[in-house]
Every structure is written in structure tokens, then in C-alpha cells.
Amino acid sequence: MNVKGKVIMITGAAGGLGSAMAEKLGENGATVYILDLNEQAGVQVVEALAQKGIEAYFYKVDVTSEDDWQRAVSGAVEKSGRLDVLVNNAGINIRKPVEEMTIDEWCTMMKVNTGSAFLGCKYAIPVMRRQGGGAIINTSSVCGLIGHKYTPEAYTASKGAVTMLTKAIASRYAKDGIRCNSIHPSTVDTPLVQTLFKDPQRKAERLGEVPLGRLATSDDVANAVLYLASDEAGFINGVALPVDGGVTCY
């Protein structure tokens, strides 16, 4: 997949899926900008990428702050001259069912999960329009496509909003050469999930819903981002791409 020379910004990239995306894109020739609130972890990711010969930079960003977004986007453009791809990957999950959640917690979920994608699009689109195009990739979830009984309703609602924001951006800004797509991972095999899977019932529930019979890996998700960011995906726009082993096919 050709992303060589592309300038790519990734939120929530100081660890987990975001850092895996950064590594995959960097290995394929992209310059990557790591945006995260965790400065120590973000700097460590940049240092690790640099050891692999990947050009990477870190910006400490609260993804719900307009000022931080303006600073990061303008800084990247000043340093690299352009912004080719934005990956809105940051998100949180307050793990409470709807009957236990407060309205403030609900609003926090929406502000981080949906508001961050809105702000990223708001500040990336003018840059991409001026340079003749670009690509935006929003990390949603299988919960942005289906109701999921093991997942809090607020998370599902926020990811559903990300799904439709993606399609709205794709339809309005395609005329400017800007593509917008979303990815929808199922449960990803991370250290946190392995801790949860010490409960045999939880492990059986999650594996039982995947037709392929395994969890997604960070590489599975990063490969989807690599494709959507690449020149080969130049006619892919407004797509909600499941990376779920078939969870949403029922």
C-alpha cells in the first residue's frame, strides 16, 4: 500500500491501537504525528519509531480542545508543509449501563469520542482542501454498526455518531478531493482484554460472537488504516469498514 511521503496525524497514538497504526504507516514510508494527552508515553513512541528510521513527531493534545487542535495542525503543516491523512483514533469508554450513568458521564463520552472527531475534521479539512485533497479515517467500532449487549449504551451511541459523521463528511467534501471512511474493530487482543479474559465467562462470550473464532489483533486494525490511507484506496469514500471477523454479518 502506497503511503510513502504522506504526512499522517493520529490521535490517541501514545499506545495501544494508535501506536500500532503509527508504526505500520511509518514502516510504509509515511511521516507520522502522534497526538495524545500522555506526553511521556507519546515521546517514548516517537523515540521507538525513530530507532526504526521512521520520521515521527509528538504533540501533547487534549482532543476536545479547539486551541490544541489548531496548534497541532498548524504546527504539522509548518513543519512538513502539508497534511495528507488524519486518523481520528482517540476515545474513551465509561463502563456503566445507561441506568447507572449520569448525564455528565454521557456528555463526557460524547465530547471525547464524537467531539474529537468533529474537531479533527474541522481543522484538517481546510488544509486538505487548499492542497487539493486528503483522507480522514475515523475509528468507530462494531458498536457503531450494531447494538452490542456487552457494551455500554453511551459508547455505542457515540460510535454510531462517528459512523454517520464519517458519511456526512464523505458526501460533502468529496468535491474537494477529501475522502472520509471509518473502521469498525471488534474486541482487540490487548493486555487489558487478556486481563478481562481471566474471567472464563467473558472470554467465552467474546470469542463466541466472532465467526472466525479469534480476537482482532492490532495488526488487523492497523492494516485496515494503512489501506484506507493509501493511494490504492483512492476511490473508497464514505465506507464503514468492519474489522471484526464477521461479528456484524449476522
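As the structure is a prediction and not an experimental result, all values here were calculated from the model. (Residues numbered from 1 in each chain as written. Predicted model: local features only at pLDDT ≥ 70, side-chain atom pairs only at ≥ 80, totals over all residues. Heavy atoms only, no water.)

Under the counting rule described, the total for this entry stands at two aromatic pairs. When the centroid spacing of 6.0 Å and the interplanar angle of 15° are considered together, the rings of Tyr33 and Tyr59 count as stacked. Taken together, the residues span a long stretch of sequence, with Tyr33 in strand E2 (residues 31-36) and Tyr59 in strand E3 (residues 56-60) at a distance of 26 residues. Of the two residues examined, Tyr33 and Tyr59, each falls in the buried class. Ring pairing ties together the aromatic residues Tyr33, Tyr57 and Tyr59, which thus form one cluster. (Phe/Tyr/Trp six-rings, centres within 6.5 Å; stacked < 30°, edge-to-face > 60°. Helix = DSSP H or I, 4+ residues; strand = E, 2+ residues; numbered from the N terminus. Buried < 20%, exposed > 50% of the residue type's maximum accessible area, 1.4 Å probe, protein only.)

Another point: the pattern of salt bridges. Pairing is possible between side chains that carry opposite charge, provided their charged atoms lie close to one another. Under the criterion given, the structure shown has 10 salt bridges. Glu23 is paired through a salt bridge with Lys52; the nearest N and O atoms lie 2.2 Å apart. Of this pair, Glu23 sits in helix H1 (residues 16-27) while Lys52 sits in the loop between helix H2 (39-51) and E3; the two residues are 29 residues apart in sequence, bridging distant segments of the chain. A cluster of three or more residues bridged by salt bridges with shared partners is formed by Arg129, Lys175 and Asp176. (Salt bridge = Lys/Arg side-chain N within 4 Å of Asp/Glu carboxyl O.)

What follows is about the pairing of strand E5 (residues 134-139). Counting buried positions along E5 gives six out of six residues, so the element sits mostly inside the fold. Both faces of E5 are covered, namely the face carrying Gly134, Ile136 and Asn138 and the face carrying Ala135, Ile137 and Thr139. Bridge analysis of strand E4 (residues 85-88) against E5 gives four bridges, and the strand direction is parallel. Residue pairing for E5: Val85 is matched across the bridge by Ala135. (Pairing = 2+ DSSP bridges.)

Taking 1.5 Å of rise per residue, 15 residues should cover 21 Å, and helix H3 (residues 66-80) covers 21 Å from first to last C-alpha, within 8% of that figure. What H3 keeps buried is the set Asp68, Trp69, Ala72, Val73, Gly75 and Ala76. The arc that holds the buried residues of H3, viewed along the axis, is 160°, so those residues lie on one side. Pointing more than 90 degrees away from the buried face of H3 are the exposed residues Asp67 and Glu78. Buried residues along H3 sit in contact with strand E1 (7-11), E2, E3, E4 and helix H4 (103-131). Directly beyond the C-terminal end of H3, a positive phi value near 90° is found at Gly81. (Expected span 1.5 Å × (residues − 1). Arc of directions from axis to C-beta. Contact = heavy atoms within 4.5 Å.)

Here the focus is the nonpolar core. Core analysis: the largest hydrophobic core is formed by 31 residues, its most contacted members being Ile10, Leu25 and Val32. If you list the elements that add at least two residues to this core, you get E1, H1, E2, H2, E3, E4, E5 and helix H8 (218-229). For this core, the element with the highest residue contribution is H8, accounting for six residues. Residues within four places of Leu25 in sequence aside, it is in contact with Val3, Ile8, Ile10, Ala30, Val32, Val225, Leu226 and Ala229. Listed in part, the 27 residues of the second largest apolar core include Met9, Tyr59, Val63 and Tyr123. (Core = buried A, V, L, I, M, F, W, Y, C linked by side-chain atoms within 4.5 Å.)

Locating Glu105 in the fold gives a position in helix H4. Only 2.7 Å separates the side chain of Glu105 from the side chain of Lys96, close enough to count as a polar contact. Not counting residues within four places of it along the chain, the set of residues in contact with Glu105 comprises Ile94, Lys96 and Glu100. (Polar contact = N/O pair within 3.5 Å; in protein donor to acceptor, adjacent residues only side chain to side chain.)

A word on the state of the cysteines. Counted according to the given criterion, the structure contains zero disulfides. The thiol of Cys143 is unpaired, and the distance to the nearest cysteine sulfur, on Cys249, comes to 15 Å. (Disulfide = S-S within 2.5 Å.)

This part is about H4. Because an α-helix packs 3.6 residues into every turn, residues spaced three or four apart end up facing the same way. In a regular helix each residue adds 1.5 Å, so 29 residues correspond to 42 Å; H4 covers 41 Å between its end C-alpha atoms and thus fits that length. The sharpest bend along H4 reaches about 40° and sits at Gly115. (Bend = angle between axes of the 7 residues up to and from the residue.)

Put simply, the largest pocket is a space of about 1,400 Å³. Ile92, Asn93, Arg95, Tyr155 and Leu192 are, among the 47 residues lining the largest pocket, the residues nearest its centre. Going through the elements one at a time, H1, E2, helix H5 (153-173), helix H6 (191-196) and helix H7 (200-208) are the ones with two or more residues in the lining of the largest pocket. Here the residues of the lining of the largest pocket are counted per class, giving 20 nonpolar, 16 polar and 11 charged. (1 Å grid on protein atoms, 1.4 Å probe; cavity = no way out; pocket = protein on both sides within 12 Å on 5 of 7 lines; lining within 4 Å. Points joined across faces, edges and corners; volume = space filled by probe spheres on them. Nonpolar A, V, L, I, M, F, W, Y, C, P; charged D, E, K, R; others polar.)

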